[in-house]
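Structural overview for review
Below, each chain spelled out in residue letters.
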Amino acid sequence: MNDALITALKAIVGDSQVFTDPRSLEVFSKDHSWFSPVLVETLKDKLAEVVVAPGSSDELQRIVALAVEHGVPLTVRGAGTGNYGQAVPLSGGILANLHRLNRILEIDAVAGTARVEAGVRMGALERKARELGWELRIYPSTWATCTIGGFVGGGFGGVGSINHGTLWDGNVLAAQVIPMTADPEKIELTGWDCAAIIHAYGTTAIMTELTIPLAKAVDWAEAVISFPTLEAAIQYGLKLANDPSITKRELSINESGIPEYFTPLKNEGAILPDRANVLLEVDGAKLEVAVQMALEFGGSLDWHNPIDKYHKGGIAVSDFTWNHTTLWALKTDSSLTYLQSRFEVDKLLEQVRLLKARFGDEILLHLELIRENLADGGPLVAASLPIVRFTTKERLYEMIHYCEQIGIQIADPHVYYLDEDSRWNGEAVIKAVARFNPLGLLNPGKIKQLETGEIGVQAGSWFGGKTATTV
Ligand SMILES: Cc1cc2nc3c(=O)[nH]c(=O)nc-3n(C[C@H](O)[C@H](O)[C@H](O)COP(=O)(O)OP(=O)(O)OC[C@H]3O[C@@H](n4cnc5c(N)ncnc54)[C@H](O)[C@@H]3O)c2cc1C
């Protein structure tokens, strides 16, 4: 990094959009990896050397050309809500904050698609789409603040995944990207080629525009239903999830102990002590049927939001789902952390029993019922973000290894890099790095196999001159 580069950046975006003061570098170099005590330690000293906020994709193109000319790493940031340090620059360099690329370009109300700039907040897009009779198919519980580029680049699924699967289930139709090359042309990716940028941690190419499919808007109602035991809550959740006559947008299950952390719901009288609960978004016309179904399992309706209050500024149940569940727990007790796992639905109760027998209240279960691989019929999956009491890293990995031993898949949220785990489509991303980021300057250090030399990119690259023989 040198003065000439900073001056050149200012010439592109204007003085007021280039930041080198220590406070800005600190703030924009962090994300929500603080959920992991392991990552806090690993990433604490990682800082960008300059933050720049382009106002258009043309400006971004010029920033890319400049970074390549100077051989300087570049990391892209949306809203910084990623949990694994995805947007934390490991090698200094330029951090490009894309919050100004925030235009909704087109909502095609006939086809049910949206074309947006990558820095658009998902909450803004959901509101606009609903005005036109459509809604987002899937979105993370951080929808109010996170950007669509950040969700595609660092996320997985969320609210709506029980219907529409995850990011890989046709939820990105097309993307305009800028490659990390000396003379970067904007490239349009469509169809399966979009796998190159999904959950790639911004290591392949920079998304500037995205086209996503929408769903017809539904009049949703929300509910909190509690149960005497976790097993009863799970049995109810599975029955409801498998009932095609009740359309759902969200179905989250919490072991007793976790709901106590949901302060705003508690203040509403929605949390009964010592009860497991299920947080629901269902078709408002079917809420009563869903509640009736719960009686069979000892369930009681403790709170609900009718359709006219859905997303109207009061409580939204999705604020207590996905990794917001963990957030509420951390607000009360900072010694907690979490895992990310996937249970086999037909072994779910057995795996839960084994886990509880081994670790007791050191692990509290939080499940998210979703469907994925829609092209293969979209089997129901119990994704899970259990709350874990953190004592040592060794104990954390003892839990992880035990989960794996009994058939619970773990996507380790305490590492900052991508590797051959189930969270991502490694092959597509590695190929795309070779094509769009041949010098390895985009968010370097985030793909394990590139770091270890198991695979390489072209000669003279950031990765030490390995050749691209295996890509
Ligand atoms: C409380 C909480 C709840 C969460 N719930 C969910 C959930 O329900 N589902 C879920 O999937 N995730 C969830 N997350 C993780 C995170 O919020 C989402 O993945 C979110 O969508 C990230 O968006 P962002 O704009 O903050 O991205 P950032 O964190 O800024 O970036 C994420 C990654 O994408 C890359 N990136 C950003 N923009 C671009 C671009 N234009 N081009 C290329 N790469 C880019 C970045 O380099 C980075 O690697 C949660 C996190 C928190 C803290």
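Up top is the structure.
These notes cover the structure that comes with them. None of the values given here were measured: they were computed from a predicted structure. (Residues numbered from 1 in each chain as written. Predicted model: local features only at pLDDT ≥ 70, side-chain atom pairs only at ≥ 80, totals over all residues. Heavy atoms only, no water.)

Brief notes about the sheet that holds strand β14 (residues 300–305)
Condition: Think of it this way: DSSP has to see at least two bridges between two strands before they count as a pair. By definition, any uninterrupted DSSP run of H or I lasting at least four residues is a helix, any uninterrupted run of E lasting at least two residues is a strand, and each is numbered from the N terminus. Only heavy atoms matter for contacts: two residues are in contact if any of them lie within 4.5 Å across the pair. Angles here are taken between N-to-C directions and fall from 0 to 180 degrees, while the axes themselves are lines fitted to C-alpha atoms, restricted in helices to the stretch in contact.
Taking strand neighbours across the sheet as the criterion, the eight strands line up as β14-β11-β13-β12-β18-β19-β16-β21 in an open arrangement whose pairing is antiparallel. On the outer flanks of this sheet lie β14 and β21 (409–410), each paired with one strand and no other. Alignment of strand β12 (residues 248–254) against strand β18 (residues 366–371), held across three bridges, turns out to be antiparallel. Bridge pairing links Ile-253 to Leu-367 in β18. Together, β12 and β18 form the strand contacts of helix α11 (residues 322–332), whose direction differs from that of β18 by roughly 170 degrees.

A closer look at the sheet that holds strand β1 (residues 18–19)
An order of β1-β2-β4-β3 is seen for the four strands of this open sheet, with the pairing classed as mixed. With one partner strand each, in any of the chains shown, β1 and β3 (74–77) form the two edges of the open sheet. Summarising the sheet, β3 and strand β4 (residues 94–97) pair through four bridges and their orientation is parallel. Residue pairing for β4: Arg-77 is matched across the bridge by Asn-97.

Considerations on the packing of aromatic side chains
Selection rule: Stacked, tilted and edge-to-face are the three classes applied to pairs of Phe, Tyr and Trp rings, where Trp contributes its six-membered ring and a pair requires centres within 6.5 Å; stacked means planes under 30 degrees apart, edge-to-face means over 60, and tilted covers the rest. Ring-over charges, as used throughout, are those where CZ of Arg or NZ of Lys falls within 6 Å of the ring centre and within 35 degrees of the ring normal.
With the rule as written, the count across this model stands at 12 aromatic pairs. Judged by centre distance (5.1 Å) and plane angle (35 degrees), the rings of Phe-227 and Tyr-236 are tilted. What links up through ring pairs into an aromatic cluster is the set Trp-34, Phe-35 and Tyr-338. Across the ring face of Trp-328, the terminal group of Lys-331 is positioned such that the distance to the ring centre comes to 4.2 Å. Just above the ring of Tyr-402 sits the side chain of Arg-358; from NZ or CZ to the centre is 4.6 Å.

A few points about the site of the ligand
Spelled out, the test is: When we say a residue is near a molecule or strand, we mean one of its heavy atoms is within 4 Å of it. Contacts described as polar in this section are N or O atom pairs within 3.5 Å, which, within protein, must combine one atom able to donate a hydrogen with one able to accept it, while residues neighboring in sequence count only if both atoms come from side chains. Accessible surface area values rest on a Shrake-Rupley calculation with a 1.4 Å probe, where residue burial reflects the displayed protein chains alone.
The full set close to the ligand counts 36 residues, and Val-76, Gly-78, Thr-81, Thr-147 and Gly-157 are the nearest of them. In this structure, an oxygen atom belonging to the ligand sits 2.8 Å away from a main-chain N or O atom of Phe-156. Contact between the ligand and Tyr-201: an oxygen atom at 3.1 Å from a main-chain N or O atom of the residue. Summarising the interface, the protein chains cover 97% of the accessible area of the ligand, which totals 970 Å² for the free molecule. Taken together, the elements giving at least two residues each to the shell around the ligand come down to β3, α6 (148–154), β10 (206–216) and α11.

Points about helix α5 (residues 122–131)
Filter applied, for reference: A simple rule labels every residue: compare its accessible area, found with a 1.4 Å probe on the protein chains alone, to the largest value its type can have, and call it buried under 20%, exposed over 50%, or partly exposed in between. As used here, the arc belongs to the directions running from the helix axis to the C-beta atoms.
Residues of α5 that are buried include every one of Met-122, Gly-123, Leu-125, Glu-126 and Ala-129, and no others. Buried residues of α5 fall within an arc of 160 degrees about the axis and therefore sit on the same side. Counted as exposed and oriented over 90 degrees from the buried face of α5: Arg-127 and Glu-131. If you follow the buried residues of α5, they end up packed against β5 (104–108), β6 (113–117), β7 (134–136), α6, β10 and β12.

So, the environment of Thr-391
Mapped onto the elements, Thr-391 comes out in the loop between β20 (387–389) and α13 (393–405). The exposed category is assigned to Thr-391, whose relative accessible area is 52%. Distance from Thr-391 to Thr-337, taken between C-alpha atoms, is 9.8 Å for residues 54 residues apart in sequence.

Comments concerning the pairing of β6
Along β6, five of the five residues are buried, which leaves the element largely enclosed by surrounding structure. Neither face of β6 is exposed, since Thr-113, Arg-115 and Glu-117 on one face and Ala-114 and Val-116 on the opposite face are all buried. Inspection of the sheet shows β5 paired to β6 by four bridges, in the antiparallel sense. Each residue of the ladder has a partner; that of Glu-106, found in β6, is Arg-115. Strand direction decides the pairing type here: β6 and β10, joined by five bridges, are antiparallel. Within the sheet, the bridge partner assigned to Val-116 lies in β10 and is Leu-210.

Nothing here speaks to function; it is all geometry.
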